[in-house]
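Architecture and fold: a report
What follows is the residue order along each chain.
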Amino acid sequence: MKLTILGSSSATPYLDRHPSSQLLSVNDHLYLIDCGEGTLFRLNDFSIKKNKIKAIFISHLHGDHYYGLMGLLTTMSMHEKTDELAIVCPPRLKDIVELQCEISKTIIRFPIRYIETTMEYGEIYKDSNITVNALPLCHKIDTCGFIFRKNFPPRKILKEIIDQLDLSPQEVAQIMKQNRILKDGRTVTIESISEENTSTKSYAYCTDTRVDPSYQPYLLNLDLLYHESTFLHADIKRAEETNHSTAREAAQVALAVAPKKLLIGHFSARYIDLNPLLSEAQEIFLNTELAIEGLTFEF
Ligand SMILES: [Zn+2]
Ligand SMILES: [Zn+2]
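Residues numbered from 1 in each chain as written. Chains lettered and ligands numbered in written order. Predicted model: local features only at pLDDT ≥ 70, side-chain atom pairs only at ≥ 80, totals over all residues. Heavy atoms only, no water.

Description of the sheet that holds strand S6 (residues 112-116)
For sheets, the rule is that strands pair by backbone hydrogen bonds, running either parallel or antiparallel. Rule in force here: By the convention used here, strands pair only if DSSP detects at least 2 bridges between them. Each helix is a run of H or I in the DSSP string that is no shorter than four residues. Each strand is a run of E no shorter than two, and both are numbered from the N terminus. Angles run from 0 to 180 degrees between N-to-C directions of axes, and those axes are lines fitted to C-alpha atoms, restricted for helices to the stretch in contact. Every residue pair with non-hydrogen atoms within 4.5 Å of one another is taken to be in contact.
The 7 strands lie next to each other as S6-S5-S4-S3-S2-S1-S18, forming an open sheet whose pairing is mixed. The open sheet terminates on both sides in strands that have one partner only, identified here as S6 and strand S18 (296-298). If you compare each strand with its neighbour and ignore which way they point, the axes differ by 20° on average. Relative to strand S5 (residues 85-89), strand S4 (residues 53-57) is paired through 3 bridges, and the arrangement is parallel. Counted as the bridge partner of alanine 55 is alanine 86 from S5. Together, strand S3 (29-33), S4, S5 and S6 form the strand contacts of helix H2 (residues 69-78), whose direction differs from that of S4 by roughly 165°.

Shown next, in the form of structure tokens:
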């Protein structure tokens, strides 16, 4: 899995910092997470093929998370996208998109499948590459984070055994399908040539939210956790008023759920230098990085 940060600013963009958007790449399939204003330009800046995006996940309907969507959809349509796009989003986003299309007499020429989030934890999207769970957060309006897990085959083939038994790819496929075959008078079973696949790859996107114990149990055993850190802890009053988190609080969440790495983002425009936010988080959870635009994290 590969995550590229396209935007990491909170409501007010600042200089070269743009509103929230990230691109997750899994086996060359692309998934967009939030779509703040200007996301289309960020995709162009990083030479990302927009029409390869399979699904867009929108956390909530504050503008800094979806104002870039109309421009992106109409551009994809003009670039002759034909296959279906899934949009996982709060209820009413469909109304917003359709109203804008109706008033501007715009036709989006590819099918959109809207999948509405509810404020309940659970599986919300699945395809051949990934399974995604929605994670209700604690913000001013209904907001869901998302937990992305790469799909792996249920069993891992043991290559040395395949070589020892001199099995052809066709024979291996047959065993995986039928559980056993007869070869040279001997039964070869699925258990003898493969083992349970315990591989996992996972990423959780948590924005915008006050820290709260309600969502933390779902964040265990992650490879990568993104948690918003809009403010420094010195500004916790502002964080409480606006239902956001501080860098120290994001790191405390990471300390409790122990991901391999923590990314912090959704920075307030009041901070010109982001290093104090990073230092504050690293004091509690050392393996923390800033979600700076253009950075890519492979895991
Ligand atoms: Zn926001
Ligand atoms: Zn918000």
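Topic: the sheet that holds strand S15 (residues 224-228)
The strand order across the open sheet built from 7 strands is S7-S8-S9-S14-S15-S16-S17, with neighbouring strands paired in mixed fashion. The strands lining the two open edges of the sheet, one partner per strand, are strand S7 (122-126) and strand S17 (288-290). With direction set aside, neighbouring strand axes in the sheet form an average angle of 20°. Of the strand pairs in this sheet, strand S8 (residues 130-136) and strand S9 (residues 144-150) are connected by 7 bridges, and their pairing is antiparallel. Counted as the bridge partner of leucine 135 is glycine 145 from S9. Together, strand S16 (261-265) and S17 form the strand contacts of helix H9 (residues 275-282), whose direction differs from that of S17 by roughly 165°.

Regarding the packing of aromatic side chains
Using the following cut-off: Any Phe, Tyr or Trp ring, taking Trp's six-membered ring, that has another such ring centre within 6.5 Å forms a pair; planes under 30 degrees apart are called stacked, those over 60 apart edge-to-face, and the others tilted. We call a residue buried when its accessible area falls under 20% of the maximum for its residue type, exposed when it is over 50%, and partly exposed in between, using a 1.4 Å probe and counting protein chains only. Two conditions define a charge located above a ring, namely a distance within 6 Å from the ring centre to NZ of Lys or CZ of Arg, and an angle within 35 degrees of the ring normal.
Scanning the entire structure with this criterion turns up 10 aromatic pairs. Their ring planes at 85° and their centres at 5.5 Å tell us that phenylalanine 57 and tyrosine 125 sit as a pair that is edge-to-face. With a gap of 68 residues between them, phenylalanine 57 in strand S4 and tyrosine 125 in strand S7 connect regions that are remote in the sequence. The two residues phenylalanine 57 and tyrosine 125 agree in class, both being buried. Put simply, the rings of Tyr31, Phe57, Tyr125, Phe146, Phe148, Tyr203 and Phe299 touch in pairs and so form one group of aromatic residues. Positioned above the aromatic ring of phenylalanine 110 is the side chain of lysine 81, whose terminal nitrogen or guanidinium carbon lies 5.7 Å from the ring centre.

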